[in-house]
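The lines below spell out each chain.
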Amino acid sequence: MSVFSQAMSWLSDGAHWQGDDGFPHRIAQHVGYTALTVAIATAIAVPLGLWIGHTGRLRGLAVAVTGALRALPTLGLLTLMVLWRGIGLTPPTIALVVLAIPPLLAGAYAGLESVDRATVDAARAIGMTEWQVLGRVEIPLAMPLILGGIRSAVLQVVATATIAAYIGLGGLGRYLIDGLAVRDYPQMLAGSLVIVVLALVLDGCFAVLQRVLSPQR
Amino acid sequence: MPTAGRRACWATTPTPEASASVTWFLDNLSYIRGLAWRHLWLSVLPVALGFVIAVPIGWYAARSRRIGGALLTIGSLVYTIPSLPLLVIIPGLLGTSFLDPTNVVLVLTIYAVAVMLRSAADGFASVPRAVVDAARASGYARWQQVLLVELPLAGPVLLAGVRVVSVSTVSLVTIAPLIGVANLGSLFTDGFQRYFTTEIIIGVLCVVVLALVLDLLWVLIGRLAMPWLRVSTR
Amino acid sequence: MIEYRSAAKTFADGTEAVREFSLTLPSRSTTVLVGSSGCGKTTLLRMVNRMVDPTGGQVLIDDVDVASRNPVELRRSIGYVMQHSGLLPHRKVVDNVATPLLLGGVRRREARTRALAALETVGLDLALADRYPSQLSGGQQQRVGVARGLVADPNILLMDEPFGAVDPIVRDELQQELLRLQRELGKTIVFVTHDIEEAFRLGDRVAILEKGGKTAQVGSPAQILAAPANDFVRSFVGLDRGRRTLRVAEIGGQRVVVDADGRPAGVLGDDSHAGSVG
C-alpha cells in the first residue's frame, strides 16, 4: 500500500495546509458551495413538496419530475451550464441546485404522506385551521423524512461539487482534477480521502440531528 | 480525453459553427454507437451483479434484526461516499491501473449493492408471514420456501429497487471519462473542451434514452417473471 | 337541538352516500345512528361539524344552519371522538386534551388544569397525563379521546364508532363510563355504531339506517323491539332469530331466562331492580 503512505505524507505536508490551494481553504469552499446550494434548493423544493403533500395535488407530476431530474447526468448538466452561461459561480450553482432538488422534493411530500390520515382528520375535526394542521401536526410528524431528504441532498451536493471542479469550480475536487492533469496520484488520493471523511462527518451530523429533531411518537 | 479509437473513426473534424446538430449526430453515429455500447455494458453489469449479491444478503438482513440493522447501516454508509473519490481510491486499494474499466464496474457494483440491499431487505420483509407459514405447512422444504415463495413475492419491491439503481448507475457512469474510461460521458468532456454545446446536448439525450431503454428492459423482465401481477382483480 | 332537513350527500366520485335524510335530535339526550357499513351514518355525523358539507338540504343546530357558520369556529365548539382516538402522537396526553382549549385562546396554565380535570372525569389515572399516546393501552387512549371531546364543555358531542377498536371487556367499561358521564353532564350526543347491542345500550333514541341514509325506523330501544317497522328492522335487531325471543324456564329450581333455542340468556332478577322502560 505504498501509494496510500504516499498520500498520507502528502496530507501531512504542512505546505498543503496553507494558502489558496491548501486544505482549509478548499474545505471551506466545498462546504460553502454545499451550504449555498442546499439552502437555495431547500427554499425552492421544500415548500413545494409540502404543498404537494398537504393538498395531494400534482403528485404524479412531482414523481415524474423527480425521476427525470435524477436521471440527468451530472457532468452533462455542469458542462452545459458553463458553456451556456460562462465561467463564474452562477452556472455550476444552477446545475448543482437542479440536481439537489429531487431528494428535497421527495423528502417533503413523502414525509407529509407518511403522516396518518386519521391524525390529520382528527386535528381538523377539533378545529385547527389548515395552516395549524400543517404547522402543528403534519410538519412535526413529517420531520424525519424531510430531514432525510435534506441529508440526501447534502451528500449529493458534496459529490457533485467534487465533479464540478472539472469545469473550474474550487473546492476539494480540485485535488482530483489538478492531480489528474499532472498524474499526481498521491494528491488525488489525499483529496479523495478528505472528501470521504467530510461526507461521513456531515452524514453523521445529520444522523444526530434527525434523532434530536424527530418527535417522540 | 480522446482515445485512439475515436480519432480513427473521425475522418474529418466538423467545425461547431458549420454543422447542424442532426448532421453532426448522423456523421458520428458509429462513434456514438460505440460509446453507447460501452456505456450499456458499464451500466448493466453493476446492476446485475448488484442484484445477485444484494438479494441473498438482503434476505438474511430481513430475518435477523440485529445483523440486518448493521448491514443496512454499512450499506447506507457506503452510499454516502461520493463517486469520484471512490473511483480514485479503489485503484489505489487494488493496485489496478487507473484506466481499467474494471474499477468503474467495481465501484458501481458497490453502490448498486448498497442501494439494492435496502430494497431487498424491505422486499423480503414485506412477504406476509402467513403465506410462508402456509407453504411450510404444505410441505415446502426450506430452500423451496425461499426460492419459490419468498423471492417471487418480494419481486415487486426488488424490481422497483433494480429500476432505481439502473437509472442512477447509467447516470453515474458518465463520470468515468474523468478518469479515462470512455462512454457516453465522453461526449460531455469532449464537448466541453471544444466549446461544442451540441455534443453535450446529444450526450444528455443519449444517456436519458439509454436509461429509459434499460428501464423498459427491467419492466419487461419483471412482467415475464411475475405474470400473476398482471391479472387485474375485480 | 340538531335537525337534519332533507340532508343529502353525493361525493365527487359519484357515490351517493345519503339520499335524503330528515331527523330531529333532541337536546341533552343520546341519539344513536346505527346501520351496516355504507349506510351513510358517518357521513351524516360529519355533517354536524362540517367535516362534510351536504350537497342537498340543511343541517341546523338550534335552528341555525351550520353552513352559515365558520367551520373552524364551529368545530371548536363541538366535541368529536373517533375510532382509534385520533390523538396527536407527538404530544403528551394532557397536551392532547388541552388542544381544543389552546386553539380557543385559553391560557396554557388554565388549559392544563381543565385538561387534567377532564381526564379525571373520564376516569383516567392522572399519572398517565404526561405520557405519550403510544404508551397507553387502546382503552386508555379512547378515554383520552373522550376527555378531549369534553374539555371545552361543548353542548354537542359527536362520537364515530369510538369503542369499535377495543376488546369487548374494555368496550363494556367504556360504554358504562359514557352512560355515567351522560347522567352527570347531560350533553347532546350523536353516536354512530354498527353494533345494535351498543345502540340499544347507549341510545335514548335509536335511528336504524339502510343504504343511502334511508331511515328504517326511529324510536327508543324498547319501541323498536316491541314494534319493529319492517322485516329489515326485524332482521337487523335479531328478532328473526331465536336470540331475542326470551321466556322463563325452570332449571334446577332456579328461574332462568332462555331464548327460543333453549340457550340461557340470564336469570330473572327481582322487581326492585326494575328501571323505567322508555
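Please refer to the structure higher up on the page.
Residues numbered from 1 in each chain as written. Chains lettered and ligands numbered in written order. Predicted model: local features only at pLDDT ≥ 70, side-chain atom pairs only at ≥ 80, totals over all residues.

### Some thoughts on the nonpolar core
By size, the foremost hydrophobic cluster in this structure holds 193 residues, and its most contacted members are Ala 100 and Leu 104 of chain A together with Val 97 and Ala 147 of chain C. Leave out the neighbours within four places in its chain, and Val 97 of chain C touches Ala 115, Ala 118, Leu 119, Val 144, Ala 147, Arg 148 and Val 151 of chain C. (Core = buried A, V, L, I, M, F, W, Y, C linked by C-beta atoms within 7 Å. Buried ≥ 20, exposed ≤ 12 C-beta atoms within 10 Å, placed from the backbone. Contact = placed C-beta atoms within 7 Å.)

### Here we look at the sheet that holds strand S13 (residues 264–267) of chain C
Residue and element names in this part refer to chain C. Taking strand neighbours across the sheet as the criterion, the 3 strands line up as S11-S12-S13 in an open arrangement whose pairing is antiparallel. In the strand order of this sheet, the two ends are held by strand S11 (247–251) and S13, each with one partner. Adjacent strand axes in the sheet meet at a mean angle of 40 degrees when their direction is disregarded. The pairing of S11 with strand S12 (residues 254–258) spans 5 bridges and is classified as antiparallel. (Pairing = 2+ DSSP bridges. Helix = DSSP H or I, 4+ residues; strand = E, 2+ residues; numbered from the N terminus. Axes fitted to C-alpha atoms, helices over the stretch in contact; angles between N-to-C directions.)

### Some points on the interface of chain C and chain A
Each side of the interface is counted separately: chain C has 18 residues, and chain A has 17 residues. For the side of chain C that touches chain A, the secondary structure elements donating two or more residues are helix H2 (71–76), strand S6 (78–82) and helix H3 (93–103) of chain C.

### Focus on the arrangement of the chains
Highest in contacts among the 2 pairs of chains that touch are chains A and B. Across all C-alpha pairs, the smallest distance from chain B to chain C is 18 Å, and the two are not in contact.

### Comments concerning the packing of helix H3 (residues 29–63) of chain B against helix H8 (residues 142–173) of chain B
Helix-helix packing is characterised by the crossing angle of the two axes and by the distance between the axes. Residue and element names in this part refer to chain B. For the pair H3 and H8, interaxial distance at closest approach is 9 Å and the crossing angle is 145 degrees. Between H3 and H8 lies a crossing whose hand is right-handed. On H8, the residues that touch His 39, Leu 42, Ser 43, Pro 46, Val 47, Gly 50, Phe 51, Val 55 and Trp 59 of H3 are Val 146, Leu 158, Val 162, Val 165, Ser 166, Thr 169, Val 170 and Val 173. Per-class residue counts for the contact of H3 with H8 are 12 nonpolar, 5 polar and no charged. (Left-handed = near helix turned anticlockwise from the far one by under 90°. Nonpolar A, V, L, I, M, F, W, Y, C, P; charged D, E, K, R; others polar.)

### So, the environment of Glu 210 of chain C
Residues and elements named next belong to chain C. Relative to the helices and strands, Glu 210 resides in strand S9 (residues 205–210). Of the residues examined, Glu 210 has 19 C-beta atoms within 10 Å and is grouped as partly exposed. The sequence separation of Glu 210 and Phe 236 amounts to 26 residues, and the corresponding C-alpha distance is 10.0 Å. Residues in contact with Glu 210, not counting those within four places in the same chain, are Gly 35, Cys 39, Ala 216 and Phe 232.

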